[in-house]
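Structural description and commentary
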Amino acid sequence: MEQKHNNEARPVERYREDDQEWMRFALRSAGLGTWDMDPINRCIVYDDRCRELYGFPEGDVMSYESLLTYAHPEDKPMVATAMERALANENGGRYDFEFRVTAADNRLRWLRCIGQAYFNEAGVAYRFAGTIQDVSRQSKSREKKVMLFSLVESSSDFIAAADYEGRIFYMNSSGRKLLGIPQDLDITLLGEVDLYNPDYHDFIAKEVLPQLRTGHKWTGTVYLRHYDSKEIIPFHADFSIIKDPRNNSFIGHGAALRDLRPELEAKKEQQKLLALLENSRDFVSLSDEAGNVSYVNAAGQKLLGLDSLMDARRHNSEYLMPGEIDRLKNEINVELFNRGQWSGEIQYRHFKTGEAIPVFGTTMLVYDPLTGVSQGRASIARDLREEKALRQRMIDNEQELERLVELRTDELKKANIDLNIVNQNLEQFAYVASHDLQEPLRKINMFSALMQDKYANELNETGVRNLGIIRNAATRMTTLIQDLLAFSRVSRQDHLFERIDLVQVMEQVLTDLEVLIQQKNATINYDSLCCIKGIPLHMTQLFQNLLSNALKFSKADVAPVIRITSRMMEPEEVGANPQLQNGTTYCEIKVQDNGIGFDPTYARKIFVIFQRLHGRGEYEGSGIGLALCQKIVTAHHGVIYAESEEKQGAAFTVILPAYT
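What comes next is a walk through the structure. If you're wondering where the values come from, they're calculated on a predicted model, not measured in any experiment.

1. Considering the overall build of the protein chain
On a plain count of helices and strands, the protein chain comes out with 19 helices and 23 strands. For the protein chain, the proportion of its 660 residues judged to be buried stands at 35%. Taking contacts inside the protein chain between residues at least 6 apart in sequence as the whole, the part at least 24 apart equals 53%. Carbon together with sulfur atoms contributes 52% to the accessible area of the protein chain, which is approximately 40,800 Å² in total.

What follows is the structure, encoded as structure tokens:
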């Protein structure tokens, strides 16, 4: 019986041994190593595969602390933390971690360690066992995928992928941004209507996808719809197929798209620029770096007598007069390639007539803004013939002007000589008027007064009246001669100008007119008046005449009220008056009365010598007073004018340079 029992036990042991052998075979086939740790004694038992992967020394037992020294320095803290968590019964004692080790051959390996901790009733780990596997290849593959994905995600181009049916399952950040699709939106939830126009979707389905399914690429322009604005955006697209690497079957397609709007906008700008060049009145040309001309605008062709653009395609040296070709080589090209630009005057030649055409030209190198590579030369030139002709005319005109100025100067010198003669004659007239003319008048006055005193009783009424007429006429003649003398003596004598306080002038005038003011029961008001530059005697004459005029033309039943005011004028006011000189400070003086006034149409006439608005019987005077006022003001570089309405009084405004 015992023999039989032993025979029955051997197959069971054999099967157990076979199972263990199959287990070892499976582990070797999977490249797995096994390890078993005693957490209490902190030691680990490992197999040959573990030793090979870690680079352990000979033997099969190692302490936990020694094991950690084989982990990569950067990964060691994370390895220790993961193991401590498993031994602390976190996640059910499960351990699954990838880390790096450096083997004895200095090769860096990625290992995946999977283990399970076992705990007694007290919750203390008494065993921690598991497997280890070399996952370096998978890690590298994963790194490449991450790098590839990062590259696609960071690309400025729109990149997307779709399945066999054309349903998009991936779109990079640039694509989402261009189409306004939120980054957190599941792209697979978008329908065809969200991306395509209905008409254009048919084109994709009938033209693009069938070509891709035959294994060919497709390149062209596609139009997609913006997610929010619904704008239709043109893209240049390169579609390619995606195959299953296991059986080379078609499983989908990918596309790289480039937004065409900037290019289309650039083309529009280029068209505008081309139109600008074509419509420019200046010569414009384009050529390569060697100077071979490829383009000349219409104005340039006309300027140089070229029949067509084809006729313009020649070396730029042919555009110059023979004497300028050395300048092209030794000056223009040297400066162009050193500084990138040349500007200056040069002579082009007319291809039909051979005429030399002076131009001011600028030539520059044109660079690609993206690559920085030179694309050739651009030149622009302005025809100087008209400008030079105009300059010559200006020179001729300047010479003629100088001749006329010289001639006019001679005429002025002669006129000054004649004026001096006239002034001398005027002085002689003044002497005659003051002595020879006034002497007979004084005798007429004297003898007529004597006759009136002695023979008044012997004359009849007519004789007395006639004698009175003689005396009045002689008196008026004397006044007229004195006023004329005063008028003729007023002239510009700037060297006699001095500071004049108008308050002192007013006080002198009021003293001279005291009797008349009392007779008229007049009121004269004035406050502080400004100081001006002038001749004191003339200022006294000016304001005495203005006040006498106001008193003379007062209303019969109203006591005269005269007010004199002054103020400094603002620079803006001076600039607005063409009769005043900018930069000079002026004082404005107003003399206002409540007299009979006058019709405003006579505002200018009253300043003309001998002009009277009333008959001599109504108001006495010679008609020279206001004319004398204007002459005095003009001689002092000033302005005088009057404003009035009939029966509303008058206001005389005098503007004179202030003393500063």
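Read on for the rest.
2. What about the packing of helix 15 (residues 502-512) against helix 17 (residues 536-552)?
Between helix 15 and helix 17, whose axes approach to 9 Å, the crossing angle comes to 55°. Comparing their axes, helix 17 and helix 15 come out oblique. Crossing handedness for the pair helix 15 and helix 17: right-handed. Contacts between helix 15 and helix 17 involve Leu502, Val505, Met506, Gln508, Val509, Leu510 and Asp512 from the first element and Met539, Thr540, Phe543, Gln544 and Leu547 from the second. Considering only residue class, the contact of helix 15 with helix 17 consists of eight nonpolar, three polar and one charged.

3. What to know about the pairing of strand 6 (residues 125-134)
Here strand 1 (residues 32-38) pairs with strand 6 via six bridges, running antiparallel. By the bridge assignment for strand 6, Leu32 is matched with Gln133. Joining the antiparallel neighbours strand 5 (residues 108-119) and strand 6 is a turn of five residues, in which Gly123 adopts a positive phi near 80°.

4. Points about the nonpolar core
Grouped together as the largest cluster of nonpolar side chains are 41 residues, with contacts concentrated most on Met539, Leu542, Phe543, Leu546, Leu547 and Ile564. Elements that contribute at least two residues to this core include exactly helix 15, helix 17, strand 20 (561-568), strand 21 (586-592), helix 19 (625-635), strand 22 (639-644) and strand 23 (650-657). No other element matches the seven residues that helix 17 contributes to this core. When near neighbours in sequence (up to four residues on either side) are disregarded, Ile564 contacts Met506, Ile524, Asn525, Tyr526, Asp527, Leu529, Leu547, Ile589, Lys590 and Val591. In terms of nonpolar packing, the next biggest core, distinct from the first, is built from 28 residues, Tyr54, Met62, Phe128 and Ile132 among them.

5. Re the sheet that holds strand 5
Here we have six strands laid out as an open sheet, ordered 3-2-1-6-5-4, and antiparallel in their pairing. Whereas interior strands pair on both sides, the edge strands pair on one side only; in this sheet they are strand 3 (61-63) and strand 4 (94-102). Within the sheet, the average angular offset between the axes of one strand and its neighbour, ignoring direction, is 25°. In the sheet, strand 4 pairs with strand 5 via nine bridges, with the strands oriented antiparallel. Residue pairing for strand 5: Thr102 is matched across the bridge by Leu108. Running over the sheet, helix 4 (residues 76-87) touches strand 1, strand 4, strand 5 and strand 6 and is turned about 160° from strand 4. Along the sheet, helix 5 (residues 136-154) makes contact with strand 4, strand 5 and strand 6, crossing strand 5 at roughly 115°.

6. A few points about the state of the cysteines
By the definition in use, this model includes one disulfide. The side chain of Cys530 participates in a disulfide bridge whose partner is Cys587; the two sulfur atoms lie 1.7 Å from each other. Its torsion about the S-S bond being -60°, the disulfide of Cys530 and Cys587 is classed as left-handed. Remark: Cys587 occurs in strand 21 and Cys530 occurs in the loop between strand 18 (523-526) and strand 19 (531-534); sequence separation between them is 57 residues. With no disulfide of its own, Cys531 lies 7.2 Å from the sulfur of Cys530, the closest cysteine sulfur. A relative accessible area of 16% places Cys531 in the buried class.

7. Regarding a negative patch on the surface
There is a patch of like negative charges on the surface, built from Glu398, Glu402, Glu406 and Asp410. Mapped onto the elements, Glu406 comes out in helix 13 (residues 385-455).

8. Considering a nonpolar patch on the surface
On the surface, a cluster of nonpolar side chains totalling about 400 Å² of accessible area is made up of Ile40, Tyr118, Val124 and Tyr126. Here Ile40 lies in the loop between strand 1 and strand 2 (43-46). Assessed through its relative accessible area of 58%, Ile40 is described here as exposed.

9. Section: the sheet that holds strand 20
In sheet architecture, strand pairing relies on hydrogen bonds along the backbone and comes in two forms, parallel and antiparallel. Strand order in the open sheet formed by five strands is 18-20-21-23-22, with mixed pairing between adjacent strands. Strand pairing shows two members of the sheet lacking a second neighbour, strand 18 and strand 22, which therefore form its edges. Along the sheet, successive strands turn relative to each other by an average axial angle of 15°, direction set aside. Across seven bridges, strand 21 lies against strand 23 in antiparallel orientation. For Val591, the partnering residue across the bridge sits in strand 23 and is Phe652. Helix 17 contacts strand 20, strand 21, strand 22 and strand 23 of the sheet and is inclined by roughly 170° relative to strand 23.

10. So, the pattern of salt bridges
Taken as a whole and judged by the stated rule, the model has 31 salt bridges. The partner of Glu318 in a salt bridge is Arg314, and the shortest N-O contact between them spans 3.4 Å. Residues Arg391 and Glu387 are paired through a salt bridge, measuring 3.1 Å at the closest nitrogen-oxygen approach. Residue Arg391 and its partner Glu387 are located together in helix 13, separated by four residues, close to a single helical turn. We classify Arg391 as partly exposed; its relative accessible area is 40%.

11. Regarding empty space enclosed by the protein
The final tally for this structure, using the stated rule, is two cavities of 30 Å³ or more. In this structure, the largest cavity spans a volume of roughly 230 Å³. Around the largest cavity, the lining comprises 18 residues; the ones closest to its centre are Asn316, Leu320, Tyr348, Thr363 and Ser379. Looking at the lining of the largest cavity, the elements with two or more residues in it are strand 12 (283-287), helix 12 (325-339), strand 14 (341-349), strand 15 (356-367) and strand 16 (374-383). The residue makeup of the lining of the largest cavity, split by class, is 10 nonpolar, seven polar and one charged. There is about 140 Å³ of room inside the second largest cavity. Those elements that provide at least two residues to the lining of the second largest cavity are strand 1, strand 2, helix 2 (48-54), helix 3 (64-68), helix 4 and strand 4. Residues belonging to the lining of the second largest cavity are distributed by class as follows: 15 nonpolar, no polar and no charged.

The rules behind the values
- Residues numbered from 1 in each chain as written.
- Predicted model: local features only at pLDDT ≥ 70, side-chain atom pairs only at ≥ 80, totals over all residues.
- Heavy atoms only, no water.
- Helix = DSSP H or I, 4+ residues; strand = E, 2+ residues; numbered from the N terminus.
- Buried < 20%, exposed > 50% of the residue type's maximum accessible area, 1.4 Å probe, protein only.
- Contact = heavy atoms within 4.5 Å.
- Areas by Shrake-Rupley, 256 points an atom, 1.4 Å probe, with all protein chains shown as cover.
- Axes fitted to C-alpha atoms, helices over the stretch in contact; angles between N-to-C directions.
- Parallel < 35°, antiparallel > 145°, perpendicular 65-115°, else oblique.
- Left-handed = near helix turned anticlockwise from the far one by under 90°.
- Nonpolar A, V, L, I, M, F, W, Y, C, P; charged D, E, K, R; others polar.
- Pairing = 2+ DSSP bridges.
- Core = buried A, V, L, I, M, F, W, Y, C linked by side-chain atoms within 4.5 Å.
- Disulfide = S-S within 2.5 Å.
- Patch = residues over 30% accessible without salt bridge, like charges linked within 9 Å, V, L, I, M, F, W, Y side chains within 5 Å.
- Salt bridge = Lys/Arg side-chain N within 4 Å of Asp/Glu carboxyl O.
- Lys, Arg positive; Asp, Glu negative; His and termini not counted.
- Charge placed at Lys NZ, Arg CZ, Asp CG, Glu CD.
- 1 Å grid on protein atoms, 1.4 Å probe; cavity = no way out; pocket = protein on both sides within 12 Å on 5 of 7 lines; lining within 4 Å.
- Points joined across faces, edges and corners; volume = space filled by probe spheres on them.

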